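Structure assessment
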Amino acid sequence: MERFYLDNIAKYRSLLGALDPVPKPRISSGIAGSNMLVSARIKPLSTDEDFPSAIFPRSMQHNVVDIHDLYNHPKGLPILKSFDYQVDRIFGPETTTDEIFKEIVTDLVPFAWNGGIGTLFAYGQTGSGKTFTISRIEQLVAETLMAGNLDGDRDIYMTIIDLAGNSAFDLLNERQPISLLEDSFGVTQMMGITEHQIHDKEEMSDLIERATSFRRTAPTLRNDSSSRSHAICRIRITNKATESDGLLYLIDLAGSEAARDVAAHGADRMRETREINNSLSVLKDCIRGKAEADALSSSGRKARAKTPHIPFRRSALTKVLKHVFDANGAQTCKTVVIACVNPSIADVGPSKNTLRFAEMLHVLVPPNNKTDPDPNIPSNWTNTQLKSWIKENSGTPPVLPNIVAPRESGAQFFNLSVTELEYRCQKCPGVRRDRAKAFLAKLWQLQIEAQNKMGQSHARETSNADDVATGP
Ligand SMILES: Nc1ncnc2c1ncn2[C@@H]1O[C@H](COP(=O)(O)OP(=O)(O)OP(=O)(O)O)[C@@H](O)[C@H]1O
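Residues numbered from 1 in each chain as written. Predicted model: local features only at pLDDT ≥ 70, side-chain atom pairs only at ≥ 80, totals over all residues.

Within an unreviewed UniProt entry, the label attached to the protein chain reads P-loop containing nucleoside triphosphate hydrolase protein, and the organism entered is Periconia macrospinosa. According to its UniProt record, the protein chain has this under Sequence similarities (unreviewed entry): "Belongs to the TRAFAC class myosin-kinesin ATPase superfamily. Kinesin family." (UniProt positions renumbered as here; feature names shortened; annotations may be inferred.)

This part takes up the UniProt feature "binding site: ATP" (unreviewed entry) in the protein chain. On the UniProt side, "binding site: ATP" (unreviewed entry) is annotated at positions that read G124, Q125, T126, G127, S128, G129, K130 and T131 here. Along the polypeptide, S128 turns up in the loop between β7 (117-124) and α5 (130-146). Once residues within four sequence positions are removed from consideration, S128 is found in contact with K43, C340, V341 and N342. Its location among the elements puts G129 in the loop between β7 and α5. With 21 C-beta atoms counted inside 10 Å, the residue G129 sits in the buried group. Those residues in contact with G129 that sit more than four places away from it in its chain are R41, K43, G124 and C340. (Helix = DSSP H or I, 4+ residues; strand = E, 2+ residues; numbered from the N terminus. Contact = placed C-beta atoms within 7 Å. Buried ≥ 20, exposed ≤ 12 C-beta atoms within 10 Å, placed from the backbone.)

The next point concerns the nonpolar core. Counting residues in hydrophobic clusters, the biggest one holds 91 residues, and the most contacted among them are A40, L120, L248, L250, V337, A339 and A358. Looking at which element gives the most residues to this core, the answer is helix α7 (residues 267-299), with nine residues. Beyond its immediate chain neighbours, meaning those up to four positions away, L250 contacts L120, I134, I137, E138, V141 and C233. Core analysis: the next-biggest nonpolar cluster, separate from the first, contains 15 residues, L386, V399, I403 and L421 among them. (Core = buried A, V, L, I, M, F, W, Y, C linked by C-beta atoms within 7 Å.)

The next point concerns the pairing of strand β2 (residues 36-42). Taking burial as the measure, the seven residues of β2 include seven buried ones, the bulk of the element. Burial along β2 is two-sided: M36, V38, A40 and I42 and L37, S39 and R41, pointing in opposite directions, are all buried. Bridging between β2 and strand β17 (residues 333-341) involves seven bridges; their strand directions are parallel. Of the residues in β17, the one forming a bridge with L37 is V336. Note: β2 against strand β6 (residues 89-91), three bridges, orientation parallel. Residue pairing in the sheet places A40 in a bridge with I90 of β6. (Pairing = 2+ DSSP bridges.)

The next subject is helix α10 (residues 348-361). Helix length check: α10, at 14 residues, gives a terminal C-alpha distance of 20 Å against a target of 20 Å (1.5 Å per residue), a fit within 8%. Along α10, the residues classified as buried are V348, P350, S351, T354, L355, F357, A358 and L361. (Expected span 1.5 Å × (residues − 1).)

Further remarks concern the packing of α5 against helix α6 (residues 201-213). Axis separation between α5 and α6 bottoms out at 9 Å; the angle between their running directions is 160 degrees. Between α5 and α6, the angle is such that the two are roughly antiparallel. The two elements α5 and α6 cross, and the hand of that crossing is right-handed. For the pair formed by α5 and α6, the contact residues are S135, E138, Q139, A142, E143 and M146 on the first element and K201, M204, S205, I208 and T212 on the second. (Axes fitted to C-alpha atoms, helices over the stretch in contact; angles between N-to-C directions. Parallel < 35°, antiparallel > 145°, perpendicular 65-115°, else oblique. Left-handed = near helix turned anticlockwise from the far one by under 90°.)

Right, let's get into the packing of helix α3 (residues 97-105) against α5. Following both chains from N to C, one finds α3 and α5 inclined at 65 degrees, their axes separated by 10 Å at the closest point. When the axes of α3 and α5 are compared, the pair comes out roughly perpendicular. For the element pair α3 and α5, the recorded crossing hand is right-handed. Residue-level contacts link T97, D98, F101 and V105 of α3 to T133, R136, I137 and L140 of α5. Residue composition of the contact of α3 with α5, by class: four nonpolar, two polar and two charged. (Nonpolar A, V, L, I, M, F, W, Y, C, P; charged D, E, K, R; others polar.)

The following block contains the structure:
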């Protein structure tokens, strides 16, 4: 396949050049839950890479990425096939780990400091930049935790383990084996683990570096020192005043290597790859199950709907992380996933798998009828009603009402992102830019007002409930 790509680089470039520069926007079928954020990071092409990039983040939609792959058409010239993937956030090759930390990870630190369970997973094909991303984030977490800007007094403890199949090793104790045993509450305990109390940033950085040197690696086709295990860094933050623990997990998952990447290796490596892929598949089911359970409980449909099954017992990785997936747990959880991909066209197959995996984790909640932007604009409006509303409310001359997609309802239209609406306005012949902008500002304002109204009514409901609870 690599030969085919190399032979057709010029053809690939000319097919790319012929594509519409503004692709058809991808429309969300719902909104993402607030406890889960799935992102994708595209690493820069290596300087010694012979192949062109096949992955293109969209400038108009910051959460969509296109992959253009070249196929060998049996009847003639190669053809281009395009795929798009949507997550919550896409980071292009120019984005630094520090910027990613600031945008999507930094909130996990105060969250765990205040008693929550924050988890970060780096997922992706071997050589796609997981270790590169997580190791810098670990240092940034150390800086944030130890900067002294967080309120209150806490004790901080750290453990770092390596999970390979069902075996676990203590990376802060020269890779000594540890046992994973379930206690009478069904919680997996790590017997024999050393937990280090942390007093300052330097101490934490030293421990992280020590753990890295004990990580198990092996060469793969894509990475000379590929991590063949999951590394779990657990930071336990104890609040002595409340006697409760917050937890922060930073997890560098083993590379999801394809069977053909290890074809040159023996049966042991094939078994290891199967184990890794199996644990990643169970992880996907658990993350998705937890996100669905959270969506059900936030929509208030929990009592009627069937609680999703979370199969955390099916792998050592998810058993160790039981707290993260416990739908009935007392602690709130926030999870961030960074799906790492290599943009080279030679890696397009694994990149598509990674992005498909990320999309599957991206659980969307159907728009709730209560989020109508205005009581005068019902969510069940038909297309014709929507169009006449746009005509009457978008100023003079009006923004053409054909920015509404065929068969779109009020709820779908008002839940579109501003980027998607901007795109539609641009694509509409005759829509003046200033009018479109004014119209979008008006829609935006309506949404904010509706949200404020919802917030006020929620606050009223809560204070009424308090009255009842504290009343005589
Ligand atoms: N964003 C980036 N910018 C520059 N170099 C990068 C970036 N991401 C990864 N690299 C480089 O790519 C190579 C592979 O990265 P890394 O070891 O992090 O991959 P990995 O996904 O952890 O692989 P494996 O699963 O095999 O361990 C490293 O040399 C790393 O320095």
